[in-house]
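# Results of the structural survey
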Amino acid sequence: MRVWLNKQRNLLDFSLSSLSRRRGKTLGMLTVYTSIVFVLASVMLFSHAIRREAATVLAKSPEVLVQRMVAGRHDLIPARHLDAIRGVRGVQSAEGRLWGYLFDPAAAANYTLMVPTNPRIEPGKVVIGDGVVRVRNADPGDLMSFRAHDGSLVQFKVDHAISRESALVSADLFLVAEEDFRRLFGIPAGMFTDLAVSVRNPREVGKIAEKIDAALPDTRIVLRDEILRTYESVFDWREGMLLVLLAGSILAFAIFSWEKASGLSAEERREIGILKAVGWETGDVILLKMLEGLVVSLSAFLVGYLLAYAHVFHLGAGLFEPVLKGWAVLYPKYRLTPFVDELQVATLFFFTVFPYTVATVVPIWRAAIVDPDQVMR
Amino acid sequence: MVFQPAIIALLLASMVGTLMVAASVPFAVGVLRRWNTASGSEAQLEMEKRTYLVSTLLVVVLVSELASLVLFVFNADRMSSLFVGAMCAVGTLNVNEFGFPALYLKMVVFFAASVWLVLNHVDSRGYDYPLVRVKYGALLVLAPLMAGAAGVQLAYFLGLRADVIASCCSTLFSGNTQVTSDKLATMAPEAALAALTLALAAVLVLGRRVLSSGKGAIVYALASGLAFVVALEAVVAAISVYIYEMPQHHCPFCILKGEYGHVGYALYLSLFAATALGLGGGVAALSARASSLAEAGPRIMRRCVGASMAGFALFAAVTVWLILRSHLILIEPERLLSILPGGQP
Amino acid sequence: MIHLSDVRKAFNQGKANEFWALKGIDLSVRAGKVTVFRGPSGSGKTTLLTLVGCLARPTSGRVRLRDRDISGLPERFLTDIRRSTFGFVFQQFNLLKGISAVENVMIPAYPLGRDRNELSERAHALMASLDIAAKAHSNAEWLSGGEAQRVAIARALINDPEVVIADEPTANLDSERSRQFLGIVETLKASGKTVLMTSHDPLVCDTAVVDHVVSLRDGQLVESR
Ligand SMILES: Nc1ncnc2c1ncn2[C@@H]1O[C@H](COP(=O)(O)OP(=O)(O)O)[C@@H](O)[C@H]1O
Ligand SMILES: [Mg+2]
C-alpha cells in the first residue's frame, strides 16, 4: 500500500514537472479547456437560476385558476361564477382577478397591468416595475397618461417602484387600482379577467378542479403545478437545445484534445522512449499521461466553473441574457440568486472531462507503446 | 425529453462506452484465435501492446459507469417534478416500463466491468497471461451487455413524456402518464433487518474463513452477491425509513439527497465496492488454478476479500449508526438489540 | 549468468524490407566480468545488447537469465526483470531535457514506489561518488559530454542493478575522458557488477579490465575470446 502510494506520488510529481516543462502547450490546452467549461457552465448556471426564479414567483400564485372560454378564446368571467366555486367542498377561498397588457407607445413596450388586492392601490396612483422605471425614466411623483378604450385620457401618478430583488417577473409590472383598470379597458363591474381559487388540502386539487369543471362547463381550469411543469420542461428544453448547439464546440474540443494528445512532439516521444528504456512499463507511462490529463482537466474545470459563476451571478451573465430570457425591451436588470446544483456540476463534468478523457486515451496509448529499444539507435 | 442536459450526458456516456468496448471486439476475436505467448513474432508483440489499450478503456468505462449510475438516479429524482404524481426518483423510474430495467442493467454492467478488471489484474500477474482467452471471451459477453443497457436506457428516455400544458388549450387532468406508484413493494422492516443481519454475519464469517484458510472465496462471492440484494431490500424496507423518520416513506434514492446529508453515498459506495470486490475475489480464486498464478491469485483473492469485508462492515456500521441516531422507533428497542449485535463486525 | 542459444531477431517481419539483424547467436555472459561486443557498424551489436538487457524480445531462440527462460516473457515482466537487474548507459546518454541532473538520476526508481527522500539521498550519494555532485542541480542540457555520461551512469546505478550495459560508451568522448570512463568500469567491476559494452574502439577492447571480447559481423559471431 505504501509502495503503491509512493508510486502514485512520484508519478504525480513527475507529471506536474513535465507539464510545467511544456509550459506553452499546457497553457494553450488549459485555455481552450477552461473556455469550454466556462461557456457550458454559464449556460447551465444561468438557465437553472432563471428556472428557480420563476418557480419562486409561481409558488406565490394561486393553486387553481378558472378562466372563461368563449369560442375557444379566453374571455371575461362573471363574478357570479365565484359563488358556484365557493360552493365546491374543499375550496378555501375564491376571488376575481383583473390583469392585462398595456402597450405604451412612448416606450414602445408592453406592460403587464395588474390590480393587487393586498395592499390595494389608491385610485390615480400606480406602482411600477424596475423595467418600466428604466424605459420611462420615471421617478415617484411623475405623471404618466394613457389613452383609455374610449379615447379619453387616464392619468397615473407614480407612487413608488417595486424593488429590484423581486426580480424577473416584476420588471414590466404596472399595478393600478380596480377603478382605474376598469376605466382604462371599459370592463364593467362584476366581470373579472379570471378567478383565483385556493384549496384547503393540496392533495385534493385534482378532485376540486374536476368538480369546478363539471359545475362551470364554459371554463377552463389551470393548475399551478401544471404551469410549473411546463415552465420546467420548456426551460430544460431550451437549455438542452443550447447544449446541442454547443455540442459542436464539445466535439471540436474533443478533436482538439485528440490532436494535441496525438501530435506529440519528437521531444515528447523521445522522452517516453527514454522512460521506457530506463525501466518504466507501458502501464506506468499510461498512468503518467492520464495523471497529466487529470491535472489539466481538474484545474480547467475548477477555473472554468468559478469564472462562469462570477459571470452569471456577479456580472449579470452579459453573454447569454438575450438568448435565454426572450422578451427584449423590458428585460430585467437584477442579480440572480446564486445557486449551485450537484446534478448540474455532475452533468457538466460529463460534458467536458469525459470527452477529453476518451479523446486522449488512444493517443496516449499509442505514445506509450513505443519500443524501449528505439532510443538505442 | 431527450433534450435535457443530464439525459444527453447519460446517453453520450453509454453510447461512447459501448462503442469503446464494441471496437475492442474484433481484437478480442483475434486474441481468441491467434494468441501465443511463446512466440516473439511481431504480430504477437502488437497484440500484447493492444491489451494495454483495452484495459485502459475498460477502466474508463468502469469509472464512467459508476458516475453515470449516480447521475441517472440523481436525474430521475430531479425530473420527478415533471410528472403528475411522481414525488421522487421512484416515480420517475416508474413512468414507463424501461425505468427500473435500465437502472438494474446499469448496475449489472458496473459489476461486470469491475469483475473484468479484477480478472485483468490477476491475469497480468501471470508471466504467461494464462487467462487471456477467458478475459477476451468475457469481453465478447460484456459488449452486448453494454449495448443492451444503453438501448434500454435510450428506450426509457425516449418514452418519457412530461405532463405539460399544451400551448393554448390547457387540458385538465393532463396526467396521461399517471405514475402507477411511488412505492416499492417492501417487506416488513423487522424481517428485512433480520435478513440483513444474517446476510452480513454470514459474509463476515465466510470472509474470515477465506482469510485464514484461503478456501471458500467462491462461496464468499456468491454470498456477497446475495448480501447485496438483501442489503438493498433492507435499505428500502427499513433503513430509509429510519433516515426519513416517516414510516410510510420507503425510497432508496432520496437518501442520496442533501436534505439527508448525502448519507446514501456512504451506504451505497461501501455496498457497491464491497460487492464488486467480493465478486472479484471469487474470480481471483478461480484463476489461481493456473500454475503461473499459484502465488499471485490467492494473494489478490485475499486482498479483494479483505477489502470487501471492510466494505460490508462499513455498511453495517453506517446502518447501525443511522438506526441509533433516528428518532423513529419502528421496532421496540429490546427486540432491535436482540437482532443487531451479530451484524456488527 | 546470461545464456543465449540460437537467438535470431528480425525487423519488419513479413514485409518487403524484412531484415534479420541477428542470425543465430550462441553466447554466455559470465557474472562479475567485463564483456565487450566488437564489430563494424551495422553488425548487430546494439541489437544484441537489447536482447541481453531485456529491452526487446528475440524473434526466435532462447535467452536465459540464470535459470529462468525469459525469451517468451511479455513486456510487463521483462520490464520488471530489466529494472531490477540491468542499468543502461546509452550512446547518446538520453538524459531528459529541462529537468535537473539529479532528477534524471532518480527517474528509473519512480515506478518502484520508493520513498522520495531516501531516493534523493541515494541519488546525491551516487553523484558524489562519480564526482559530479556539483552539477546535481544543473539542467541536463547544460552538461558537457563527460558529465552527461556520468549522470547517465548514476542513473543506471540508481536501482542497484547487477549488470551495467553501455552502448558505445567512448564514441562521443576524447581519449582522456575515455580513460576516465574505463576507470569507472574498473570500480564497478570491483564492486561486483557485471559490465557489458559494445565498442569498436581499440582503446576499450585492449584494456586490462576487459575479460572477454566477442566479435560480430553481419549478425553472426565470428570470434570470441
Ligand atoms: N528498428 C529497426 N528496423 C529496421 N532495421 C533495423 C532496426 N534496428 C536495427 N536495424 C538494422 O539492424 C542492423 C543492426 O543494427 P545495430 O544492432 O544497431 O548495429 P550496430 O550497433 O552494430 O551498429 C542494422 O543494419 C540496422 O539497420
Ligand atoms: Mg550501435
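The structure under discussion appears in the preceding block.
Here's a quick rundown of the structure. Owing to the predicted nature of the structure, the values given are computational and were not obtained by experimental measurement.

On to the overall build of chain C. Counting its regular elements, chain C contains 7 helices and 10 strands. Its C-alpha atoms give chain C a radius of gyration of 17 Å, near enough to 17 Å, the size a compact globule of 225 residues would have. Summarising its shape, the C-alpha atoms of chain C cover approximately 50 × 40 × 35 Å along the three principal directions. Counting every position in chain C, which comprises 225 residues, the buried fraction comes to 56%.

Bringing the overall build of chain A into the picture now. A count of helices and strands for chain A gives 11 helices and 13 strands. Going through the 377 residues of chain A one by one, you find that 52% of them count as buried. For chain A, the proportion of contacts with a sequence separation of at least 24, taken over those separated by at least 6, is 80%. Accessible surface computed for chain A: about 17300 Å², of which carbon and sulfur atoms make up 61%.

Attention shifts here to the site of ligand 1. By nearness alone, 13 residues border ligand 1, and Arg 377 of chain A together with Gly 42, Lys 45, Thr 46 and Thr 47 of chain C come closest of all. At the site occupied by ligand 1, the surrounding residues belong to chains A and C. Ser 43 of chain C places a polar main-chain atom, nitrogen or oxygen, 3.2 Å from an oxygen atom of ligand 1. Between Thr 47 of chain C and ligand 1, the recorded distance is 2.5 Å, taken from a side-chain N or O atom to an oxygen atom. Against a free-state accessible area of 560 Å², the protein chains account for coverage of 69% of ligand 1. Secondary structure elements with two or more residues in the shell around ligand 1: β2 (19-29) and α1 (45-52) of chain C. By residue number, the principal contributor to the shell around ligand 1 is α1 of chain C, which donates 3 residues.

All right, on to the side chain of Thr 194 of chain C then. Relative to the elements of secondary structure, Thr 194 of chain C occurs in strand β8 (residues 194-198). With near-sequence residues (within four places) excluded, Thr 194 of chain C lies in contact with Met 1, Val 29, Arg 30, Ala 31, Gly 32, Lys 33, Glu 162, Val 163 and Val 164 of chain C.

With that settled, consider the sheet that holds strand β4 (residues 60-65) of chain C. Residues and elements named next belong to chain C. Strand order across the open sheet formed by 4 strands is β2-β1-β4-β5, with antiparallel pairing between neighbours. Bordering the open sheet on either side are β2 and β5 (68-69), each of which pairs with just one other strand. As paired elements, strand β1 (residues 2-11) and β2 share 8 bridges and run antiparallel to each other. Among the inter-strand pairings, His 3 is bridged to a residue of β2, identified as Ser 28. In the packing of α1 onto the sheet, the strands contacted are β1, β2 and β4, and the crossing angle to β1 comes to about 120°.

Each side of the interface is counted separately: chain A has 29 residues, and chain C has 33 residues. Carbon and sulfur atoms supply 56% of the area that chain A and chain C bury against each other, a total of about 2800 Å² over both sides. If you look at where chain A meets chain C, you find 5 salt bridges. When the shortest N-O distance is used, the salt bridge between Lys 276 of chain A and Glu 75 of chain C registers 3.5 Å. Broken down by secondary-structure element, the contributors of at least two residues to the side of chain A that touches chain C are α1 (2-21), α8 (266-277) and α9 (282-313) of chain A. Considering each element in turn, the side of chain A that touches chain C owes the most residues, 11 residues, to α1 of chain A. The residue inventory of the side of chain A that touches chain C, partitioned by class, reads 11 nonpolar, 5 polar and 13 charged.

It is possible for side chains bearing opposite charge to pair when their charged atoms get close. All names here are of chain A. Using the criterion set out here, one finds 36 salt bridges over all chains in the structure. Across the pair Arg 97 and Asp 194 runs a salt bridge, and its minimum N-O distance is 3.1 Å. Placement of Arg 97 in strand β4 (residues 91-97) and of Asp 194 in strand β12 (residues 194-199) is noted, with a sequence separation of 97 residues between them. Of the residues examined, Asp 194 reaches a relative accessible area of 0% and is grouped as buried. A single salt-bridge network, built from bridges that share partners, covers Arg 22, Lys 25, Glu 268, Lys 289 and Glu 292.

All names here are of chain A. On the surface, Leu 302, Val 303, Leu 306 and Leu 307 cluster together into a nonpolar patch covering about 380 Å² of accessible area. If you trace the backbone, Leu 307 turns up in helix α9. You can call Leu 307 partly exposed: its relative accessible area is 45%.

The description of two aromatic rings rests on the distance between their centres and on the angle between their planes. One pass over the structure, following the stated rule, counts 31 aromatic pairs over all chains. Following the ring pairs from residue to residue traces out a cluster consisting of Phe 110, Phe 111, Phe 228, Tyr 268 and Phe 272 of chain B. Positioned above the aromatic ring of Phe 192 of chain A is the side chain of Arg 182 of chain A, whose terminal nitrogen or guanidinium carbon lies 5.3 Å from the ring centre. Here the basic side chain of Lys 135 of chain B rests over the ring of Tyr 129 of chain B, its NZ or CZ set 5.9 Å away from the ring centre.

Turning our attention to the sheet that holds strand β7 (residues 163-167) of chain C. Residue and element names in this part refer to chain C. Strand order in the open sheet formed by 6 strands is β6-β7-β8-β3-β9-β10, and the pairing between neighbours is mixed. Each edge of the sheet is formed by a strand with only one pairing partner; in this case those strands are β6 (86-89) and β10 (220-224). Geometrically, the sheet is characterised by an average inter-axis angle of 20° between neighbouring strands, direction not taken into account. Looking at chain direction, strand β3 (residues 34-38) and β8 are connected through 4 bridges and run parallel. Along β8, the bridge assignment pairs Phe 37 with Thr 198. Across the sheet, helix α6 (residues 175-190) lies against β3, β7 and β8, angled at about 150° from β8, the strand it touches most.

Between its first and last C-alpha, helix α3 (residues 42-79) of chain B extends 54 Å over 38 residues, near the 56 Å set by a 1.5 Å rise per residue. Counting buried residues in α3 of chain B gives 27 out of 38 residues, a clear majority hidden from the surface.

So, about the environment of Ile 99 of chain C. Positionally, Ile 99 of chain C belongs in the loop between β6 and α3 (101-106). Judged by its relative accessible area of 4%, Ile 99 of chain C falls in the buried class. Counting along the chain gives 38 residues from Ile 99 of chain C to His 137 of chain C, while the straight-line C-alpha distance between them is 8.6 Å. Here Ile 99 of chain C is in contact with Phe 14, Ser 17 and Arg 21 of chain A together with Asn 104, Ile 107, Ser 138, Asn 139 and Ala 140 of chain C, once residues within four sequence places are set aside.

Time to look at the packing of α9 of chain A against helix α11 (residues 342-368) of chain A. All names here are of chain A. Running from N to C, α9 and α11 point in directions that differ by 150°, and their axes come no closer than 10 Å. Our classification of the angle between α9 and α11 gives roughly antiparallel. Seen from above, α9 lies across α11 with right-handed handedness. Across the interface between the two elements, Thr 282, Val 285, Ile 286, Lys 289, Met 290, Gly 293, Val 296, Ser 297, Leu 298, Phe 301 and Tyr 305 of α9 pack against Gln 344, Val 345, Leu 348, Phe 349, Thr 352, Val 353, Tyr 356, Val 361, Ile 364, Trp 365 and Ala 368 of α11.

We now examine the packing of helix α5 (residues 99-123) of chain B against helix α6 (residues 132-158) of chain B. If you want to describe how two helices pack, look at the angle between their axes and the distance between the axes. Residues and elements named next belong to chain B. Two elements in contact, α5 and α6, have axes whose closest approach is 9 Å; the angle formed by their N-to-C orientations is 160°. Our classification of the angle between α5 and α6 gives roughly antiparallel. With respect to the hand of their crossing, α5 and α6 are arranged in left-handed fashion. Across the contact of α5 with α6, the residue classes break down as 19 nonpolar, 4 polar and 3 charged.

So, on to the side chain of Lys 289 of chain A. Residue and element names in this part refer to chain A. Considering the arrangement of structural elements, one finds Lys 289 in helix α9. Exposure remark for Lys 289: the relative accessible area of 11% places this residue in the buried category. Apart from residues lying up to four places away in sequence, Lys 289 is in contact with Arg 22, Glu 268, Ile 272 and Ile 364.

Here helix α4 (residues 116-129) of chain C is 14 residues long and its end C-alpha atoms lie 20 Å apart, about the 20 Å a rise of 1.5 Å per residue gives. Contacts made by the buried residues of α4 of chain C are with α1 of chain A together with α3 and α5 (145-157) of chain C. Count one or two residues on from α4 of chain C and you reach Asp 131 of chain C, which has phi positive near 70°.

Conventions and cut-offs
Residues numbered from 1 in each chain as written. Chains lettered and ligands numbered in written order. Predicted model: local features only at pLDDT ≥ 70, side-chain atom pairs only at ≥ 80, totals over all residues. Heavy atoms only, no water. Helix = DSSP H or I, 4+ residues; strand = E, 2+ residues; numbered from the N terminus. Rg over C-alpha atoms; globule rule 2.2 N^0.38 Å. Buried < 20%, exposed > 50% of the residue type's maximum accessible area, 1.4 Å probe, protein only. Contact = heavy atoms within 4.5 Å. Areas by Shrake-Rupley, 256 points an atom, 1.4 Å probe, with all protein chains shown as cover. Near = heavy atom within 4 Å. Polar contact = N/O pair within 3.5 Å; in protein donor to acceptor, adjacent residues only side chain to side chain. Pairing = 2+ DSSP bridges. Axes fitted to C-alpha atoms, helices over the stretch in contact; angles between N-to-C directions. Buried area = accessible area lost by both parts, 1.4 Å probe. Salt bridge = Lys/Arg side-chain N within 4 Å of Asp/Glu carboxyl O. Nonpolar A, V, L, I, M, F, W, Y, C, P; charged D, E, K, R; others polar. Patch = residues over 30% accessible without salt bridge, like charges linked within 9 Å, V, L, I, M, F, W, Y side chains within 5 Å. Phe/Tyr/Trp six-rings, centres within 6.5 Å; stacked < 30°, edge-to-face > 60°. Lys NZ or Arg CZ within 6 Å of the ring centre and 35° of its normal. Expected span 1.5 Å × (residues − 1). Parallel < 35°, antiparallel > 145°, perpendicular 65-115°, else oblique. Left-handed = near helix turned anticlockwise from the far one by under 90°.

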